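Topology and contacts: notes
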Amino acid sequence: MKEKLAPQRHDVGTKVEPVPAHVLVDRVKDVHELIARRAYEIFESRGRADGHVLEDWVQAESELLYSCSHDVKESAGAIILHAEIPGSFTADQINFSVEPRRLIISGEKEMNVLCGDSKGTHSELRPPRILRIHDLPVDVDPSKTVATLKGETLEIVMPKVTVANRPGIKAEAVAAGG
């Protein structure tokens, strides 16, 4: 008698839709401005002591941005990014844009954070942010890029542009007699 195997369930994830590059370029500028302001506050809180610019920036960045581990791999036909997105972000809270040589990932959501010091504790509503910018080693096709959120893992598959698909290559080949 043959055993019937239960169908295996594969978590296909949730599709993440791309946004136009200019939207995330503006967001990058806004986040860098927030980090710069916070770094200056840290500088002032230390009595304006010089020589700690990088430390102040890194501290401000760590206070304002979630760090997310990521892995970028290159296959024969694509660049594939896997990023661990902390804090249970949903697909609609994550944005990404792809240009032929650049990938920007951004995410933002509000959450309550319990803060405390010697004077007591209080709750603050803070927007945790993700911001990653990747320069890509080869040209990719933004129109064929697919992103999927599976649990806390974001996968972005960016197909490489082949020589035959590059704009102007066929015209050059025809002009050269090819």
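Quantities reported herein were computed from a predicted structural model and do not represent experimental measurements.

1. Some remarks on the overall build of the protein chain
The helix and strand tally for the protein chain stands at 3 helices and 10 strands. When the 178 residues of the protein chain are sorted by exposure, 28% land in the buried category. Long-range pairs, those at least 24 residues apart, make up 58% of the contacts in the protein chain with a sequence separation of at least 6.

2. Looking at the sheet that holds strand 5 (residues 102–108)
Judged by pairing direction, the sheet is antiparallel, and its 3 strands sit side by side in the order 4-5-8 without closing on themselves. If you trace the sheet from one side to the other, it starts and ends with strand 4 (94–99) and strand 8 (129–135), each paired once. Recorded for the sheet is a direction-independent mean angle of 5 degrees between the axes of neighbouring strands. By the bridge criterion, 7 bridges tie strand 5 to strand 8 in an arrangement that is antiparallel. What sits directly across from Leu-103, in strand 8, is His-134.

3. Some details on the confidence of the model for the protein chain
In the predicted model, the protein chain carries a mean pLDDT of 83, and the fraction of residues at 70 or more is 76%. Per-residue pLDDT, averaged within each element of the protein chain, yields its smallest value for helix 3 (residues 169–175) (44) and its largest for strand 10 (residues 153–159) (97). Predicted confidence is poor over residues 1–10, with pLDDT under 50, and the contacts of this stretch with residues over four places away or in other chains come to 0 contacts. Segment residues 169–178 is flagged for pLDDT under 50; beyond a separation of four residues in sequence, or across chains, it makes 3 contacts in the model.

4. A look at the packing of aromatic side chains
This model, assessed by the stated rule, comprises 2 aromatic pairs. Ring centres of Tyr-40 and Phe-43 lie 5.6 Å apart, and the angle between their planes is 45 degrees; this geometry places the pair in the tilted category. Of this pair, Tyr-40 and Phe-43 both sit in helix 1 (residues 21–45), separated by 3 residues, roughly a single helical turn. On the basis of relative accessibility, which here comes to 39%, the residue Tyr-40 falls in the partly exposed class. Assessed through its relative accessible area of 18%, Phe-43 is described here as buried. Judged by centre distance (6.0 Å) and plane angle (80 degrees), the ring pair of Tyr-66 and Phe-89 falls under edge-to-face.

Calculation criteria
Residues numbered from 1 in each chain as written. Predicted model: local features only at pLDDT ≥ 70, side-chain atom pairs only at ≥ 80, totals over all residues. Heavy atoms only, no water. Helix = DSSP H or I, 4+ residues; strand = E, 2+ residues; numbered from the N terminus. Buried < 20%, exposed > 50% of the residue type's maximum accessible area, 1.4 Å probe, protein only. Contact = heavy atoms within 4.5 Å. Pairing = 2+ DSSP bridges. Axes fitted to C-alpha atoms, helices over the stretch in contact; angles between N-to-C directions. pLDDT = per-residue confidence, 0-100. Phe/Tyr/Trp six-rings, centres within 6.5 Å; stacked < 30°, edge-to-face > 60°.

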